[in-house]
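Understanding the architecture of this molecule
Listed below are the residues making up each chain.
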Amino acid sequence: MSVDSSQLVHFDAAKLAKVSAPETGPSKRPLFGLDFEALAARMVELGEPAWRGKQLAEALYRQRVATLDEVTTLPLVLRQKLAKQGWEVGRPEIVQVFQSVDGTERYLIECRSGATSAETVETVWMPEGDEGEAGDGTDSFEAAGGQTGAAAKNWRRATICVSSQVGCAVNCKFCLTAKLGLQRNLSAGEITGQVIAVLDRQGIEVGRDRVNLVFMGMGEPFLNYDNFMGAVGLLVREAGLSPQRMTVSTSGIVPGIERFAEEPADVRPKLAISLNAPNDAIRAEIMPINRKWNIEAVIDAVRGVKLRPRERVTFEYVLLGGVTDKPEHAREVARLARRTGLPVKVNLIAWNPGPGIHYEMPREGAVDAFRAALARAGVPVYLRRPRGRDIYAACGQLKRTVEG
Ligand code: SAH
Ligand code: SF4
C-alpha cells in the first residue's frame, strides 16, 4: 500500500525544505505552550498589567491566532515590543494533509519554534471517530447535559488522535512507530499545538462541537509525562476542552499510571491500557515492556485511579492473526477483565499492517468471534473501525512522514 500523491491536498515545499534546514540566527521564543500565569508573568516583566496575560492566552488558545499581528486585543506597541524581544506565537503548523476516502485526514505538523530541533509529527482527524470512544462514560456525560452536535457539519462527533513524542522507545513488535525509535519528546506546546491547529482547520467551536481527543498517536505519553499533562492542563484550562472527552493510552508504564492516579479529576483524561494479549507470556513476546511491568503490576497501578461515576477503563486489544485472536484468548481476556474487579471495557483493533512488520491480519471471522465471546462473557466490547488505512493514518501506522 502506498500513499497516492492525488490524496495529498496541500504541500508546502518551501516549508518542508525549511524543516530539514538548520535554524540560523537568534532562536525565537514561542509564546504558545505558556499558560495564563506564565504569560501574565511575561507581561509584568514588560511593565504591563497581569491581565494582559489573560488576553494573550485567549488569543493563543481560543481565537487560535497564528501570528502576533493577529493579537489585536494587545496594543500595537506591545506586540512590537514582544516581537523585538524575540517572542513569536510559535504554534505548530500543518504543512501537509493526506485525505482518506473515508473522510479521515492525516496531518504532518511542523514543530520548529524555539531551541528544539525541527521535527514533523503526525496527527489524525477522524470525523465520526472510530467507535473507540463508545461505552466509557462519555455518553452518560453527554446525557447529563453535555454539548449538542455540530448542526452545520457533516459529522456528529469527531476525534483527534494526538502524538506525544516523535517516534517511540517502547518497541512493541507490531507497531510501525516503534521502528523510528525515540527521536525526541514533544513539548507541552507542541502537543497542544497539534490540537489547536486541527480545531482551527476544521472550524471547530469549542462548547458547541463534539470533539474527542485521544492521545494515541506517535509515542508513549507516560514516558513524556510532564509535557503530556502540561498539554492536558492547557487544553482544559486555556482552550476549554473537557478532560472527560480525552483518553490517554499507555503501553503500561507503571510509574506513569501511579502519577496519573494522583491527578485531580478536573484535569484527568480517561485511561486506556494497551493490553493486547491474554497473558504475560504472549504479551512479553509482542510487547517487551511486559518484562518490566507485567499485566498484574499494570492492573495494580490502575486500581489506584479514582474513577468518576460511570467511567470505565479501556483495555485496548490488537488482534494479531494467529497470535492473539484465537477463541481461547478471548476466554482468557474475559477472565482477566473480571479478575481486575474494575469497570473495564475492551476495544478490539484488528491489526493494521505496515512495511517490515511480519504479522498477519486476523482471519475472516476471527474478529467477530472474539467480540462475540467477550460479549457472551458479559464484558463490554467495541470494535475500533480502522480509519484512513489508505493514507497510513490507522492505529500503529504513524511513521511514514516526509519520506511517504
Ligand atoms: N504508546 C501508547 C499510545 C500510542 S499507540 C500505547 O501503546 O498505548 C495507540 C494504540 O495503537 C495502542 O493501543 C497500540 O496497541 C495500537 N497499535 C499499535 N500498532 C498497531 C497496529 N499496527 N495495528 C493496530 N493497532 C496498533
Ligand atoms: Fe510505542 Fe504505543 Fe507503538 Fe508500543 S504501541 S511502540 S508504546 S506507540
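For the structure, see preceding data.
Along every chain, residues carry numbers that run from 1 in the direction the sequence is written. Naming scheme: in the order in which they are written, chains are lettered from A and ligands are numbered from 1. Per-residue local features are limited, in this predicted model, to residues with pLDDT of at least 70; the limit for side-chain atom pairs, both in listing and counting, is 80 or more; totals at the level of whole chains, interfaces and linings are taken over all residues. Side-chain numbers come from the whole structure's heavy atoms, not from hydrogens or water.

Focus: the overall build of the chain
Secondary structure assignment for the chain yields twelve helices and 15 strands. With a 1.4 Å probe rolled over the protein chains alone, any residue whose accessible area is under 20% of its type maximum counts as buried; one over 50% counts as exposed, and the rest are partly exposed. Relative to its full complement of 404 residues, the chain shows a buried share of 56%. The criterion used for residue contact is that any of the two residues' heavy atoms lie within 4.5 Å. Sequence separation of 24 or more characterises 74% of the internal contacts of the chain that already satisfy a separation of 6 or more. Each accessible area value is a Shrake-Rupley result obtained with a 1.4 Å probe; residue values ignore everything except the protein chains displayed when judging cover. Within the structure as shown, the chain displays about 16,600 Å² of accessible surface, and the carbon and sulfur contribution to it stands at 51%. Helix and strand assignments come from DSSP, with helices taken as H or I runs of at least 4 residues and strands as E runs of at least 2, each series counted from the N terminus.

Re empty space enclosed by the protein
Points on a 1 Å grid over protein atoms alone make up a cavity when a 1.4 Å probe fits among them but cannot get out, and a pocket when they form an open set with protein on both sides within 12 Å along at least five of seven lines; lining residues each have an atom within 4 Å of a point. Grid points are joined across faces, edges and corners, and a volume is the space filled by probe spheres set on the points. Applying the stated criterion across every chain yields a total of four cavities of 30 Å³ or more. Each pocket or cavity is described by its volume, and for the largest cavity that value is around 660 Å³. Residue lining of the largest cavity: 41 residues in total, with Cys-175, Met-216, Gly-217, Cys-395 and Gly-396 positioned closest to the centre. Listed by contribution, the elements that provide at least two residues to the lining of the largest cavity are strand S6 (119-127), strand S10 (211-215), strand S11 (246-250), strand S13 (313-319) and strand S14 (344-350). Residues were grouped as follows: Ala, Val, Leu, Ile, Met, Phe, Trp, Tyr, Cys and Pro as nonpolar; Asp, Glu, Lys and Arg as charged; and all remaining residues, including Gly, as polar. Considering only residue class, the lining of the largest cavity consists of 24 nonpolar, eleven polar and six charged. In this structure, the second largest cavity encloses a volume near 90 Å³. If you go around the second largest cavity, you meet 13 residues; those closest to its centre are Gly-132, Glu-133, Val-214, Met-216 and Arg-384. Taken together, the residues that form the lining of the second largest cavity break down as four nonpolar, five polar and four charged.

Observations concerning the site of ligand 2
What makes a residue near a molecule or strand is one non-hydrogen atom of that residue sitting within 4 Å of it. Taken together, Cys-168, Val-170, Asn-171, Cys-172, Cys-175, Ala-178, Gly-219, Glu-220 and Ser-251 are the residues near ligand 2. Molecule-in-pocket calls rest on the fraction of atoms, with more than half required to lie within 2 Å of the cavity or pocket grid points. Taking a 2 Å distance to the grid points as the criterion, the majority of the atoms of ligand 2 fall inside the largest cavity. Split by residue class, the shell around ligand 2 holds five nonpolar, three polar and one charged.

What to know about the pairing of strand S4 (residues 93-99)
Across a regular strand the side chains alternate sides, sitting on one face of the sheet and then on the other. Taking burial as the measure, the seven residues of S4 include five buried ones, the bulk of the element. As paired strands, S4 and strand S5 (residues 105-111) are joined by six bridges and run antiparallel to one another. Within S5, the position partnered with Ile-94 by the bridge is Ile-109. Hairpin remark: S4 followed by S5, antiparallel, with five residues in the connecting loop; positive phi at Gly-103, about 95°. Pairs of strands are assigned from DSSP output, requiring at least two bridges between the strands.

Details of helix H6 (residues 188-201)
Owing to its 3.6 residues per turn, the α-helix aligns residues three or four sequence positions apart on the same side. Expected helix span is computed as 1.5 Å times (number of residues minus one). Here H6 contains 14 residues, and its C-alpha end-to-end distance of 20 Å stays within 8% of the 20 Å for a straight helix at 1.5 Å per residue. Most of H6 sits inside the fold, with twelve of its 14 residues counted as buried. Listing the buried residues of H6 in full gives Ala-188, Gly-189, Glu-190, Ile-191, Thr-192, Gly-193, Gln-194, Val-195, Ile-196, Ala-197, Val-198 and Leu-199. Where H6 ends, the next residue or the one after it, Gly-203, has phi of about 65°, a positive value.

Things to note about the site of ligand 1
Looking at ligand 1, there are 18 residues lining it, with Gly-219, Ser-249, Ser-274, Asn-276 and Asn-352 nearest. Side-chain atoms alone can form a polar contact between residues adjacent in sequence; in general such a contact is a pair of N or O atoms within 3.5 Å, and within protein one must be able to donate a hydrogen while the other accepts it. A distance of 3.4 Å is found between a nitrogen atom of ligand 1 and a side-chain nitrogen or oxygen belonging to Glu-220. Backbone polar atom of Asn-352 to a nitrogen atom of ligand 1: 2.9 Å apart, as the coordinates give it. For ligand 1, the protein covers 95% of the area, taking 530 Å² as the surface of the free molecule. The cavity that encloses ligand 1 is the largest cavity.

As for the packing of aromatic side chains
Pairing of aromatic side chains requires ring centres within 6.5 Å, counting the rings of Phe and Tyr and the six-membered ring of Trp. Pairs whose planes differ by under 30 degrees are stacked, by over 60 edge-to-face, and all others tilted. All told, the structure shown has eight aromatic pairs when counted by the stated rule. Consider the rings of Trp-125 and Trp-155, whose centres lie 5.4 Å apart with planes at 80°: the pair is edge-to-face. On the criterion of sequence distance, the pair formed by Trp-125 in strand S6 and Trp-155 in the loop between helix H5 (138-143) and strand S7 (158-161) is long-range, its members being 30 residues apart. Under the relative-accessibility criterion, Trp-125 is labelled buried at 2%. Trp-155 sits in the buried class, given a relative accessible area of 5%. Ring-over charges, as used throughout, are those where CZ of Arg or NZ of Lys falls within 6 Å of the ring centre and within 35 degrees of the ring normal. One Lys or Arg, Arg-106, reaches over the ring of Phe-98 and ends 4.3 Å from the middle of that ring.

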